[in-house]
Structure formats: C-alpha cells, structure tokens
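Given next are the chains, with one letter for each unit.
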Amino acid sequence: MNTGAPWPSVTEARERVLKIQTKLHRWATDDPDRRFFDLYNLVCDPAFLLVAWDRVRNNKGARSAGVDGQTARSIETGRGVGTFLSDLRDDLKSRTFTPQPVRERAIPKPGTTKRRVLGIPTARDRTVQAALKLVLEPVFEADFKPCSYGFRPRRRAHDAIAETHLLCSHSYEWVVEGDIEGCFDHISHPALLARVRRRIGDKRVVALVKAFLNAGVLSEDGVERDTTTGTPQGGILSPLLANIALSVLDEHFAEAWEAMGKTASTRYDRRRRGLSTYRLVRYADDFVVVVAGTREHAEEVRVQVGQALAPMGLRLSEDKTRIVHLDEGFDFLGFRIRRHRKRGSEKRYVYTYPSRAALQAVKDKVRALTRGGTNQPLSALLPRINRVLGGWAHYFQHGVSKATFDYLRAFTWHRVVGWLRRKHRRSWKWLRRRYLPGWWPTDGRVTLFNPASVAVTRYRYRGTRIPLPWSSGLEGSLA
C-alpha cells in the first residue's frame, strides 16, 4: 500500500489483533464488572481495519454492492485498498464517519415458500462493522453462556444438537419449541444499547453502534425508511448484537439452573418432590427449552420465556411456539429429534435424523437444477449438484441418516438420468457407454456425488470444553 500510512502486512495485522483480543478477553473474564474505555482507538487502528477489510474482501458477500453501488472488487480496481482504508481511517478519527442506509433485498427462505429480507450495507460500512466486531466480540464472549451456540467462534449447530440429545436422554421429556416473532426486526434499541453500555464505557464506540442501528433501509422499491427497532439481517455486526440482546434469555435460565441446585443429586431430589428442572439450548433466535417434569411445568417455562424476552421488545409467536413430548418428536436446526423403541428391542432411545423439511429442501434444489438447462454440458451440471449434496450430507452425517442418504442417492440418480435422457434422446445403450459406466453418472472427469458414501458418525458433546480463539495466545484464528 503506497499511501504513507503505517499499514502492516495482513499476517502482521492478524498477529497484532489476536494479541489485543486475547488481552481484552482475559481482562473481561477476570473482572465480570469491568467496563472498557478507549476502545475507539482500536477500531481506528490500521491492523484492525486491515483485518476487517480482509474479512469483507474474502466473504462471498463481497460481490454484493450496497446503496453506493461499490463492491470490494470495484474498490480494489478503482481507488485502491490503501487509499480506501486511509480515507476510512481519517473519517473515523475525525468522527465524521456516518453509516449509509442498507440496501434491502428479499431472498428465499430455505425449506419454505416464504422470503426473508436481508440488509446489505456498503463495503465501507461492512469494514467498520467488522472492525467493531473484532473489538467487541472478545469482551462479550466472556459473558455469554455455554447454552448459546449460534454465530459464536468455534461453536456449531452440531454442538447445540448434541446438548439437546444429551438432555433428552436424561429425563428431559417435555420440550418448548421457541419461535421469536420477527426477532431481528423488533429488538429494542434502547434496551440493546443499555446492555452494550454494561461493558463498554467508550461513548464513541456506543455512538458508532447506535449509528449502525439507526442507519435506515433503502427498500427494493426505492423507498427509504428509518430503523427504530431491530438489527438488519446481513450486516457483519448484526449477529453479535443479536446475541447480546438474546443473552437476556441465556442469563435468565442460567440463574434458574443455579437456583435448582449445584449438584445432580440436588436436582434429582427436586424432581422427586414434584418440582421441575429445565435447560435452554439456543442457536441465534432458534431455541428449545427441555423440561424434566410435566406439561404444566412446560407451560410455566413458556411463560418465563415470554417474560425474559419482553424487556428487549421481543415476544414469542403464539402460532409457532409449541410444547411437545419427546415421544412425539420435534425439529431443531434441521434435525428431527425423537424418542422411540429400538428395532428388535423393547428399549427406547433418543434419535436424531434429518427432518422432512430439510430433506424436502435439498430435493427441491436438486429438482431445480435438473428441471431444465439441457443446453449445458453434464460437466457443468454435476459440480453444481455435488456442492448441494456434499454440504447437505456432511451436515447431517452426525445423525441416524444412512437410510435418508440412500434415499437421496436414488432420488438424485433418477433426476440426473432423466435430465440426460431429455437432453440426448438416445438409447440406454448409448447413455450407458457415454455417461453411465457402472450405472453411475459421470462425464469422465466429474462424477456425481454419492450421498450414501458419507460415513455416519456420532458427534461428541463438548460441553464447556469448546476453546475460544483467544484462550491460547497466538493459537487459533480470527473467524
């Protein structure tokens, strides 16, 4: 970068950022009441801005432009990254930086016919949001509870499923399936900022967070509107802000769990007296509360959830929030979790396997890819299908998924072979010789992915042993 600014290399910047993040996290962990001042200088720090830009540039959303029409690539080929970051740093230091409205775009919601609205900030705003996240995340991660898994470093949906499976295998038979009505649209800004101020004493950082919350939205029909509540989906900072807001739920159930007793025997004695115990498992705004007790106890827990969310301006959806028994089963993060009798035995176990909605979603994608487009070669079709099948199968390999994988294998085979027959209108003998050696589709270079070839393995519950990127000095990543 030939700008004269003290810009380090990306490797040097990552090392510096990781060292500072490690310190911030250690200080926040050692003193739960500590408030952090003078963080704004870190947001303006060349290393933080460079690492933030690197994340924005390498994210697949880099191809999407905000209201200014600029993408990460157009910035690189136009004014240049050095000039871009130098100007951005100058605006931040002089306090003249102002976020622009996010560009609204509706995209299909996976597994449904509905559409959800995303907000696309400008590349400039995304860079500042990424820098803010690098500074704030290590601090708030010290406060987040183990029951929360969504959009947190080194935590996965499989961890949430593993904890749910463990609890359901140990007396927790009633389940409150939570659904927050318009979660990202209705979060109260004053309540959220109040939670941010509990840890952040730098008014400049709080003001910057508030500016992003109030940036406004430019809708698809060209109408600009204010954002008085919520965090626009699509921003880099939004998941962290949503976790800060929803941590009110985590804290409520963590306090309740402490009140139920310090040991397993104490909680067992509580259940013997006719009282209930319950635990929360949350992934972003998707959560379940498993209850060891009766349906009446589950109803009481549902009321508690509503009361815990109310201060943040949130409420449960009356239609989608359900109370179910484990023998009936429930869907969570794409998996169906249900207890039933093991085949050939009288014993009953809790099983996790792909839900019908998840299977239907991947079938719809394969069907859409093979519905038309016969003017393209098989070598173009197979990689697109393989990406869909590979990602889906590896996500669901940690479950009772073998039969589902076999079914998906047969379904995909029929779709691809049907596509080949419509494209070429030739005999089976010709198709077998050209594209179906061994009856499996290939063009000689690319072969159709076989979901049934994915080994089904058990995902081990990690509990509180999930390491953070800042817990071991320079080891780990900035993901």
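From a predicted model like this one, the values you see are computed outputs, not experimental measurements.

The rules we used
- Residues numbered from 1 in each chain as written.
- Predicted model: local features only at pLDDT ≥ 70, side-chain atom pairs only at ≥ 80, totals over all residues.
- Heavy atoms only, no water.
- Helix = DSSP H or I, 4+ residues; strand = E, 2+ residues; numbered from the N terminus.
- Rg over C-alpha atoms; globule rule 2.2 N^0.38 Å.
- Buried < 20%, exposed > 50% of the residue type's maximum accessible area, 1.4 Å probe, protein only.
- Lys, Arg positive; Asp, Glu negative; His and termini not counted.
- Charge placed at Lys NZ, Arg CZ, Asp CG, Glu CD.
- Patch = residues over 30% accessible without salt bridge, like charges linked within 9 Å, V, L, I, M, F, W, Y side chains within 5 Å.
- Areas by Shrake-Rupley, 256 points an atom, 1.4 Å probe, with all protein chains shown as cover.
- Salt bridge = Lys/Arg side-chain N within 4 Å of Asp/Glu carboxyl O.
- Phe/Tyr/Trp six-rings, centres within 6.5 Å; stacked < 30°, edge-to-face > 60°.
- Lys NZ or Arg CZ within 6 Å of the ring centre and 35° of its normal.

S.K.: I'd love a proper account of the overall build of the protein chain, names of residues and values included.
M.R.: When helices and strands are tallied, the protein chain shows 17 helices and eleven strands. A compact globule built from 479 residues should have a C-alpha radius of gyration of about 23 Å, and the protein chain, at 25 Å, falls within 12% of that. Referenced to the eigenvectors of the C-alpha coordinate spread, the extents of the protein chain come out at roughly 75 × 70 × 45 Å. When the 479 residues of the protein chain are sorted by exposure, 51% land in the buried category. Here the protein chain contributes 83 positive and 50 negative side-chain charges, whose respective centroids are spaced 10 Å apart.

S.K.: Could you give an account of a positive patch on the surface, naming the residues involved and the relevant values?
M.R.: A surface patch of positive charge is lined by Arg 426, Lys 429, Arg 433 and Arg 434. Taking relative accessible area as the criterion, Arg 426 reaches 44% and is therefore assigned partly exposed.

S.K.: Please give an account of the packing of aromatic side chains that cites residues and values.
M.R.: One pass over the structure, following the stated rule, counts twelve aromatic pairs. For the ring pair Trp 413 and Trp 439, a centre distance of 6.4 Å and an interplane angle of 50 degrees mean the geometry is tilted. In this pair, Trp 413 sits in helix α16 (residues 402-424) while Trp 439 sits in the segment after α17 (428-434), placing the two residues 26 residues apart along the sequence. Given a relative accessible area of 18%, Trp 413 falls into the buried group. Judged by relative accessible area, which is 36%, Trp 439 ranks as partly exposed. Members of the aromatic cluster, each reached through a chain of ring pairs, are Phe 335, Trp 392, Tyr 395, Phe 396 and Phe 405. Geometry around Phe 36 places Arg 34 over its ring, the cationic atom sitting 5.1 Å from the centre. A cation over an aromatic ring shows up here: Arg 279 above the ring of Trp 257, its NZ or CZ 4.4 Å from the ring centre.

S.K.: Run through the pattern of salt bridges, naming residues and quoting values.
M.R.: Within this structure, the stated rule accounts for 26 salt bridges. Among the charged side chains, a salt-bridge network with shared partners connects Glu 173, Asp 327, Arg 339 and Arg 348.

It is worth stressing that arrangement in space is one thing and function is another; only the former is reported here.
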